[in-house]
Amino acid sequence: MTQSSSKYSEAGVDIDRGNLFVSRIKNIVAGTHRRGVISDIGGFSGLFAIGNEDLKNPVLVASTDGVGTKLTIAKMCHKHDTIGIDLVAMCVNDVIVSGAKPLFFLDYFASSVLDIDVATDVVRGIAEGCKLALCSLIGGETAEMPGLYQPGDYDLAGFVIGIGDRNALVDGSDIRVGDRIIGLASSGFHSNGYSLVRKIFFEELGKKVDDFIEEFGCTLGEELLKPTRIYVDSITSILRRYRIHGLVHITGGGFIDNIPRILPAGCASHIHPGSWPVPPCFSYLQEKGDITASEMYRTFNMGIGMMAIVPEHSVEDILHQFGAHGEHPYLIGEIKATRDNNGGQVIIDGIC
């Protein structure tokens, strides 16, 4: 056994190092556990008792995602304790738009050679994200793959399972002409468009991550590593009291590609730029990178990370409630009629 383990280690995979990593993160993971978790990490699978969650017709809702090339920024900044929040956010925000509540999360961490300190920082971020999303981290996979990944590189993927009542799922089918669109502020770029972000800032402008950008009020690295905002708590609370007709998570594809996913036939979304403050990072990138406004709105969230389409009579109450839950909500548009029977039309005033 000793000889075999030594040969495997010589090949680039150290089993003992992996076991040490698991022992180091056990308490971090346990800190996310809520009612329903009936297993500890280190087993072959994670166990979660869903019960019925007091739902009449429970439906499981699943999502998986990553954080793309934002990982490169974490590596450049030698800061890995927030990228896990992004990972959780990208998954749970996709689940909450269905009106489902995240239950548990799994992660996948792959690298050439496991750096325990880096991996532990990543898991700390994942655990923090799970706490913000009110879900439990119940397991994951850590893989060493020398030859596939370059030294110092790693990749992440996340998986979340949520639960909702089939009769109360939010799918956009209730959207009607006259509904209003509430936008919830993002924290910045979130986790999309980073290939373009890196090209403009680092290749074309020659910036460094430790360059202080006056318009941002912080270094470039600090701006680019701002974690993706998690909207689970506020939206879950709103759904308990109000009927929301549609929810849109603004990720890759920006406004143009994400809003049409839930619009029924005969409905078009009219968005009014200027009805919310666009964070300086977007204006700066657009100007310095000579990017058209239409491309910005098709690539980035432009300061709005989540949209809620609500009945007109509930607008003021919902705006107030979102604010009370720590969000920065804005009335950014409305649903109007369109002759396009296929639905899915997005009109951004003065842009496209």
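Parameters and conventions
Residues numbered from 1 in each chain as written. Predicted model: local features only at pLDDT ≥ 70, side-chain atom pairs only at ≥ 80, totals over all residues. Heavy atoms only, no water. Helix = DSSP H or I, 4+ residues; strand = E, 2+ residues; numbered from the N terminus. Rg over C-alpha atoms; globule rule 2.2 N^0.38 Å. Buried < 20%, exposed > 50% of the residue type's maximum accessible area, 1.4 Å probe, protein only. Contact = heavy atoms within 4.5 Å. Lys, Arg positive; Asp, Glu negative; His and termini not counted. Charge placed at Lys NZ, Arg CZ, Asp CG, Glu CD. Phe/Tyr/Trp six-rings, centres within 6.5 Å; stacked < 30°, edge-to-face > 60°. Pairing = 2+ DSSP bridges. Axes fitted to C-alpha atoms, helices over the stretch in contact; angles between N-to-C directions. Polar contact = N/O pair within 3.5 Å; in protein donor to acceptor, adjacent residues only side chain to side chain. Salt bridge = Lys/Arg side-chain N within 4 Å of Asp/Glu carboxyl O. Core = buried A, V, L, I, M, F, W, Y, C linked by side-chain atoms within 4.5 Å. Right-handed = clockwise from strand over helix to strand, strands pointing away.

Participant: Just checking my understanding: could you explain the overall build of the protein chain for this structure?
Facilitator: If you tally the helices and strands in the protein chain, you get twelve helices and twelve strands. On C-alpha atoms alone, the protein chain measures out to a radius of gyration of 22 Å, which is about the 20 Å that the 2.2 N^0.38 rule sets for 352 residues. Its C-alpha atoms give the protein chain principal-axis dimensions of about 70 × 55 × 35 Å. When the 352 residues of the protein chain are sorted by exposure, 51% land in the buried category. Here the contacts in the protein chain between residues at least 6 apart in sequence split such that 84% fall between residues at least 24 apart. Charge separation in the protein chain, taken as the distance between the mean sites of 30 positive and 43 negative side-chain charges, equals 4 Å.

Participant: Looking at this structure, I do not really get the packing of aromatic side chains. What am I missing?
Facilitator: One pair of aromatic rings is described through two measures. These are the centre distance and the angle between the planes. Applying the stated criterion across every chain yields a total of eleven aromatic pairs. Look at Phe255 and Tyr297: their rings are 5.1 Å apart centre to centre, the planes differ by 85°, and that puts the pair in the edge-to-face class. Residue Phe255 is located in helix H9 (residues 254-258), and its partner Tyr297 is located in helix H11 (residues 293-299); the two are separated by 42 residues in the primary sequence. For the pair shown, Phe255 and Tyr297 are each scored as buried.

Participant: Explain the sheet that holds strand S1 (residues 58-65) to me, please; I cannot follow it from the model alone.
Facilitator: Each strand in a sheet pairs with another by means of backbone hydrogen bonds, the pair being arranged parallel or else antiparallel. Across the sheet, which stays open at both edges, the four strands sit in the order S1-S4-S2-S3 with mixed pairing between neighbours. The two strands at the open ends of the sheet, each matched to only one other strand, are S1 and strand S3 (136-144). Each neighbouring strand pair of the sheet contributes to a mean axis angle of 15°, computed without reference to strand direction. Relative to strand S4 (residues 154-165), S1 runs antiparallel, the two being bridged by eight bridges. The residue of S4 that forms the bridge with Val61 is Gly162.

Participant: I'm lost on the side chain of Ser112 in this one. Help?
Facilitator: Relative to the elements of secondary structure, Ser112 occurs in the loop between strand S2 (101-111) and helix H5 (116-132). Residue classification places Ser112 among the buried positions, given a relative accessible area of 6%. Within the structure, Ser112 has its side chain in polar contact with the backbone oxygen of Tyr149 (distance 3.4 Å). What Ser112 contacts, discounting residues up to four positions off in sequence, is Gly12, Glu144, Met145, Pro146, Tyr149, Gln150, Pro151 and Asp153.

Participant: Quick question: what am I supposed to make of the pattern of salt bridges here?
Facilitator: In this structure the tally under the stated criterion is 14 salt bridges. The salt bridge involving Glu334 is made with Lys336; its shortest N-O contact spans 3.9 Å. On the accessibility criterion, Lys336 (37% relative accessible area) is partly exposed. Sharing partners across several salt bridges, the network here consists of Asp14, Arg17 and Glu144.

Participant: Would you explain the nonpolar core in this entry?
Facilitator: One broad trend across soluble globular proteins is that nonpolar side chains are buried collectively. Counting 97 residues, the largest nonpolar core has Phe105, Phe189, Phe201 and Phe255 as the members making the most contacts within it. Per-element accounting of this core gives the leading share, nine residues, to helix H4 (residues 83-96). In contact with Phe189, not counting residues within four places along its chain, are Tyr194, Val197, Phe201, Leu224, Cys281, Phe282, Leu285, Phe300 and Asn301. Membership of the second largest hydrophobic core comes to six residues, among which are Val37, Phe48, Phe104 and Ile163.

Participant: Before we go on, may I ask you to explain unusual backbone geometry in this structure?
Facilitator: Peptide bonds are, in most cases, trans, and in most cases residues other than glycine have a negative phi. Phi angles above zero are rare outside glycine, and His190 is one such case at about 60°. Along the chain, the position of His190 falls in the loop between strand S5 (180-185) and helix H6 (194-204). A positive phi is found at Met302, a non-glycine position, where the angle reads about 55°. Residue position: Met302 is located in the loop between H11 and strand S10 (304-310).

Participant: Even after reading the chapter, I still don't get the pairing of S2, so can you show me in this structure?
Facilitator: Along a regular strand, successive side chains alternate from one face of the sheet to the other. Taken across its eleven residues, S2 has eight buried, putting it largely inside the fold. As paired elements, S2 and S3 share eight bridges and run parallel to each other. Counterpart to Tyr108 in the pairing with S3 is Glu141. On the question of chirality, the crossover connecting S2 to the parallel S3 by way of H5 is right-handed.

Participant: When you look at the sheet that holds strand S9 (residues 267-271) in this model, what are you seeing that I'm missing?
Facilitator: Strand order in the open sheet formed by six strands is S8-S10-S5-S11-S9-S12, with mixed pairing between adjacent strands. What marks the edges here is a single partner per strand, and that holds for strand S8 (246-249) and strand S12 (345-348). Looking at each pair of strands side by side, their axes are set apart by 25° on average, direction ignored. Of the pairings in the sheet, the one linking S9 to strand S11 (residues 329-337) comprises five bridges and is antiparallel in character. In the strand pairing of S11, Cys267 is matched with Ala337. Lying on the sheet, H4 is in contact with S8 and S10; it crosses S8 at an angle near 165°.

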